[in-house]
Amino acid sequence: MTEQFSLPPEAAAPRLGVAQRTLTRLRTVPGLAARYTGHDTVRTLDELAALPPLLKDDLNTALAHLEPQAEHGATWLFQSGGSTGAPKLGYAPTGFYMTGVHAQWQPLGPADVFVNAWGAGRMWGAHFLAAALADLSGCQVIALGSVTGEEYADWLGFFAARGVTAIGGTPSVLRLWFAHARAAGLKLPALRKVLWLGEAWQPQLAEDMAVVAPDARRWGMFGSTETWVVGTNTPACPDDTFHTLPEQLVHVGPDDLLDFTTLNPEMLNPVLRYRTGDAGRITDCPCGRPGRAMQVLGRRDNVVQVRGLGLHVDEIVAQLEREPGISRAQIVITEQQGRATGVDVLLLTDPTGLGTAVDADRLRAELLSATFTLSTGFQHDPQAVRVRKVPALVSNDRTGKTANFVVREES
Ligand SMILES: [Zn+2]
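This next bit is on helix 2 (residues 16-26). Taken together, the buried positions of helix 2 are occupied by Leu-16, Val-18, Ala-19, Thr-22, Leu-23, Arg-25 and Leu-26. For helix 2, the arc enclosing every buried residue in end-on projection is 165°, short of the 170-degree limit, so these residues lie on one face.

A few words now on the pattern of salt bridges. One side chain can pair with another of opposite charge once the charged atoms of both are near each other. Under the criterion given, the structure shown has 13 salt bridges. Among the salt bridges present, the one from Asp-40 reaches Arg-27, with a minimum N-O distance of 3.1 Å. Highlighted residues: Asp-40 in the loop between helix 2 and helix 3 (45-49) and Arg-27 in the loop between helix 2 and helix 3, separated in sequence by 13 residues. With relative accessibility at 48%, the residue Asp-40 sits in the partly exposed group. A salt bridge links Arg-273 to Asp-259, with the shortest nitrogen-to-oxygen separation between them at 2.8 Å. Here Asp-259 lies in strand 11 (residues 257-262) and Arg-273 lies in the loop between strand 11 and strand 12 (274-283), a separation of 14 residues in the sequence. Via salt bridges that share partners, Glu-323, Arg-362 and Glu-366 belong to a single interconnected network.

On to the pairing of strand 4 (residues 140-143), then. With 4 bridges connecting them, strand 3 (residues 113-116) and strand 4 associate as parallel partners. Residue pairing in the sheet places Val-115 in a bridge with Ile-142 of strand 4. Considered for its hand, the β-α-β crossover made up of strand 3, helix 6 (residues 126-137) and strand 4 is right-handed.

If you trace the backbone, Val-306 turns up in strand 14 (residues 303-306). Note: C-alpha distance between Val-306 and Phe-378 (72 residues apart in sequence) is 9.7 Å.

The protein atoms that coordinate the zinc ion are Cys-237 (SG), His-243 (NE2), Cys-285 (SG) and Cys-287 (SG), at distances spanning 2.1 to 2.3 Å. Bound by 4 donor atoms, the zinc ion shows angles of 102 to 115° at the metal and therefore tetrahedral coordination geometry. For the zinc ion, the donor residues sit on a single chain with the sequence spacing C-x5-H-x41-C-x1-C. You can see Cys-237 sitting in the loop between strand 8 (228-232) and strand 9 (241-244) and its partner Cys-285 sitting in the loop between strand 12 and strand 13 (293-299), a full 48 residues away along the chain. You can call Cys-237 buried: its relative accessible area is 2%.

Here we take up the sheet that holds strand 17 (residues 339-349). What the 4 strands build is an open sheet, ordered 18-17-16-19; its pairing is mixed. Strands at the two margins of the open sheet, each flanked by one partner only, are strand 18 (385-390) and strand 19 (405-409). Going from strand to strand, the sheet's axes swing by 25° on average, the running direction of each strand aside. Of the strand pairs in this sheet, strand 16 (residues 326-336) and strand 19 are connected by 5 bridges, and their pairing is parallel. When the bridges of strand 19 are listed, Thr-334 appears paired with Arg-408.

For the rest of this paragraph, the subject is the packing of aromatic side chains. One pass over the full model with this rule turns up 16 aromatic pairs. Judged by centre distance (5.5 Å) and plane angle (50°), the rings of Phe-222 and Phe-242 are tilted. Residue Phe-222 is found in strand 7 (residues 217-224), and its partner Phe-242 is found in strand 9; the two are separated by 20 residues along the sequence. The pair formed by Phe-222 and Phe-242 is uniform in burial state, with each residue classed as buried.

A separate point is the packing of helix 7 (residues 152-162) against helix 8 (residues 171-183). Interhelical geometry of helix 7 versus helix 8 gives an angle of 85° and a closest axis separation of 10 Å. When the axes of helix 7 and helix 8 are compared, the pair comes out roughly perpendicular. Residue-level contacts link Tyr-152, Trp-155, Leu-156 and Phe-159 of helix 7 to Leu-176, Trp-177, His-180 and Ala-181 of helix 8.

Conventions and cut-offs
- Residues numbered from 1 in each chain as written.
- Predicted model: local features only at pLDDT ≥ 70, side-chain atom pairs only at ≥ 80, totals over all residues.
- Heavy atoms only, no water.
- Buried < 20%, exposed > 50% of the residue type's maximum accessible area, 1.4 Å probe, protein only.
- Helix = DSSP H or I, 4+ residues; strand = E, 2+ residues; numbered from the N terminus.
- Arc of directions from axis to C-beta.
- Salt bridge = Lys/Arg side-chain N within 4 Å of Asp/Glu carboxyl O.
- Pairing = 2+ DSSP bridges.
- Right-handed = clockwise from strand over helix to strand, strands pointing away.
- Donors = N, O, S within 2.8 Å, 3.2 Å for Na, K, Ca; no water.
- Tetrahedral: all angles 85-135°; square planar, octahedral: opposite > 155°, others 65-115°.
- Axes fitted to C-alpha atoms, helices over the stretch in contact; angles between N-to-C directions.
- Phe/Tyr/Trp six-rings, centres within 6.5 Å; stacked < 30°, edge-to-face > 60°.
- Parallel < 35°, antiparallel > 145°, perpendicular 65-115°, else oblique.
- Contact = heavy atoms within 4.5 Å.

Next comes the structure, spelled out in structure tokens:
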């Protein structure tokens, strides 16, 4: 039988008092109390697995009622709304729980010169979390945040001059840095470490890294603004596999959906069987480090309903990104009163010559014939399925993330 929890019962049991306390708090929330009827205790993993899962909106309902406050230092408010939708709130104390992360994962050391390229401000947490890790590592920090298109070359020159050894950001942001460096013929010979968090790793990033910084390796964190960091990996681990922290309990529920429970007594968000929409499984990591690891199998919500049929967004995007000259693809679905009126496939092409050779018409014809949902759903208006090259994809300014699909409401 596959293990369903990231911790064995004997390791989880001494920490379940935290889950019990979270349950007690959630039972005081008017909008949520009823669903916990009959669930009074969390003494065992079986009792935990029997609790109803929390979804994003539930957590916001709970936080609005509980208004948690940090025991020491400031209580930080962060945006916790994912890549789409209106901003919602999550809470964290100064330090952002990074002591536990640093205890198991030390990509940075005192000799490092680290560029923190996660966007700062706008209540987005990743920049500050990375700063807390740098603090524990004792390295030099260049707190850069996000930059605009024309600034890349100057900053890359500065990185090379400063002997930058490490950079961190979301994979979408890192792609921009490495693609600009590669297009400009710039090298970062001292760069050894690329820290990432916020999205799945992008294999094309490794290709650009191999040219720009041949000695650089990826170091990943997995988490969300609700759970904070759940697990980490090293260059020896597959990019989708993470060693979970002892203060984070991951459970695999029906349909392979992961849910997360905090076992950290300082956690302010009431995270108890919280579902992020990610699917995964508990496995052994081939890097050889003992203990259970979590393999993330992608987001279950990336199958989008279009005219009553499921469109597998990630598959289509991955297929397009294998085409020479295409660095990223994105699907934009336009809806009018809930009905899809059009599907636009946006192609971001390489700054190199290969990009100009990308034939959008051919790709459109192939996509229509190979994708049942598009050919059937748009049988009578195939012109509403469009494929085109664009100078930029649709990004979320707050988070620096570029989702594989975006839904737009037409007025
Ligand atoms: Zn590993």
